[in-house]
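Tertiary structure, described
Read off the chains here:
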Amino acid sequence: MSAPSDPVARPLRADAARNHAAILAAARAALEAGGPDVALEEVARRAGVAPSTLYRRFAGRDELVAAVLEDYVAESVEPLLARAAAVDDPWAALTGVLEGLVDGVTRHRGLLAAAKATGAFTPELAARTLAPLGELLRRGQAAGVVRADLVPEDLPVVVHMAVVTAEHDARRWRRYLHLLLDGMAARRA
């Protein structure tokens, strides 16, 4: 059980919850604009709170970035995965989620660079994404539309390869993702 002084141990007061949400939103915007080196005082300023309020909720940069990443995954990635799971066509489900992931990564590079720099990508967080991706992959393989030799761990690599192309030409990543997807498709006789 958490210690009584642990802010996670009890529900936040309404004003504290508003401050928490404002800090997360400000941190996300600041990280996306300024990258992993943005000053925490700048985050507090953007959130409209005193730096002491920020430090009361988050011990430091690593904890704040982890909370922002968690918020991003819960708000953007998990709903994308859930929508894909509801798509009847296994190829459309898999390709749609991969396109959504690449789009998200290209739009949130600063946050993701900060997450990488602070070690916010945890095995638990990766598993929350990889397990549903694996299920989409298995559905595609069972339907005969995806190569049988692919494994779930290949999918984040595909996303990464498409994202790298966006670093050179942000308008063309979809073309390169579709070339990669063509390589993932099961060959038809």
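Residues numbered from 1 in each chain as written. Predicted model: local features only at pLDDT ≥ 70, side-chain atom pairs only at ≥ 80, totals over all residues. Heavy atoms only, no water.

- The name that an unreviewed UniProt entry assigns to the protein chain is Helix-turn-helix domain containing protein, with the source organism given as Actinomycetospora lemnae.

1. A look at the overall build of the protein chain
- Summing up its helical and strand segments, the protein chain has 9 helices and 0 strands in all.
- Sequence-ordered secondary structure for the protein chain, helices as α and strands as β, is α-α-α-α-α-α-α-α-α.
- If one aligns the C-alpha atoms of the protein chain with their principal axes, the spans along those axes are about 65 × 40 × 25 Å.
- Within the span of the protein chain, comprising 189 residues, buried residues form 39% of the whole.
- Contacts spanning at least 24 positions in sequence make up 67% of the contacts within the protein chain whose residues lie at least 6 apart.
- Accessible area for the protein chain stands at about 10400 Å²; split by element, carbon and sulfur atoms hold 57% of it. (Helix = DSSP H or I, 4+ residues; strand = E, 2+ residues; numbered from the N terminus. Buried < 20%, exposed > 50% of the residue type's maximum accessible area, 1.4 Å probe, protein only. Contact = heavy atoms within 4.5 Å. Areas by Shrake-Rupley, 256 points an atom, 1.4 Å probe, with all protein chains shown as cover.)

2. As for the environment of Lys 116
- Looking at the secondary structure, you find Lys 116 in helix H6 (residues 109–118).
- Sequence separation of Lys 116 and Ala 162 is 46 residues, and the distance between their C-alpha atoms is 18 Å.

3. So, the nonpolar core
- Core analysis: the largest hydrophobic core is formed by 53 residues, its most contacted members being Val 43, Leu 64, Leu 94, Val 97 and Leu 98.
- If you list the elements that add at least two residues to this core, you get helix H1 (14–34), helix H2 (40–47), helix H4 (61–85), helix H5 (90–107), H6, helix H7 (123–142), helix H8 (154–168) and helix H9 (173–184).
- Discounting chain neighbours no more than four positions away, the residues touching Leu 94 are Leu 136, Leu 137, Val 146, Leu 155 and Met 184. (Core = buried A, V, L, I, M, F, W, Y, C linked by side-chain atoms within 4.5 Å.)

4. Side note on the pattern of salt bridges
- Within this structure, the stated rule accounts for 10 salt bridges.
- As a salt-bridge pair, Arg 28 and Glu 32 come within 3.7 Å of each other at their nearest N and O atoms. Placement of the pair is Arg 28 and Glu 32 together in helix H1, with a separation of 4 residues, close to one helical turn.
- Assessed through its relative accessible area of 13%, Arg 28 is described here as buried.
- Judged by relative accessible area, which is 29%, Glu 32 ranks as partly exposed.
- Of the charged contacts in the structure, one is a salt bridge between Arg 138 and Glu 135, with a shortest N-O distance of 3.6 Å. Here Arg 138 and its partner Glu 135 are both found in helix H7, 3 residues apart, which amounts to about one turn of the helix.
- When its relative accessible area of 42% is taken as the criterion, Arg 138 is described as partly exposed.
- Each of Arg 28, Glu 32 and Glu 75 takes part in salt bridges that share partners, so that together they form one network. (Salt bridge = Lys/Arg side-chain N within 4 Å of Asp/Glu carboxyl O.)

5. As for the UniProt feature "DNA-binding region" (unreviewed entry) in the protein chain
- Here, the residues flagged by UniProt with the feature "DNA-binding region" (unreviewed entry) are residues 39–58.
- Across residues 39–58, the secondary structure splits into 75% helix and 0% strand, with the terminal C-alpha atoms separated by 14 Å. (UniProt positions renumbered as here; feature names shortened; annotations may be inferred.)

6. Structural notes on the UniProt feature "domain: HTH tetR-type" (unreviewed entry) in the protein chain
- As recorded in UniProt, the sites labelled "domain: HTH tetR-type" (unreviewed entry) are residues 16–76.
- Structurally, residues 16–76 comprises 82% helix and 0% strand, and the distance from its first C-alpha atom to its last is 24 Å.

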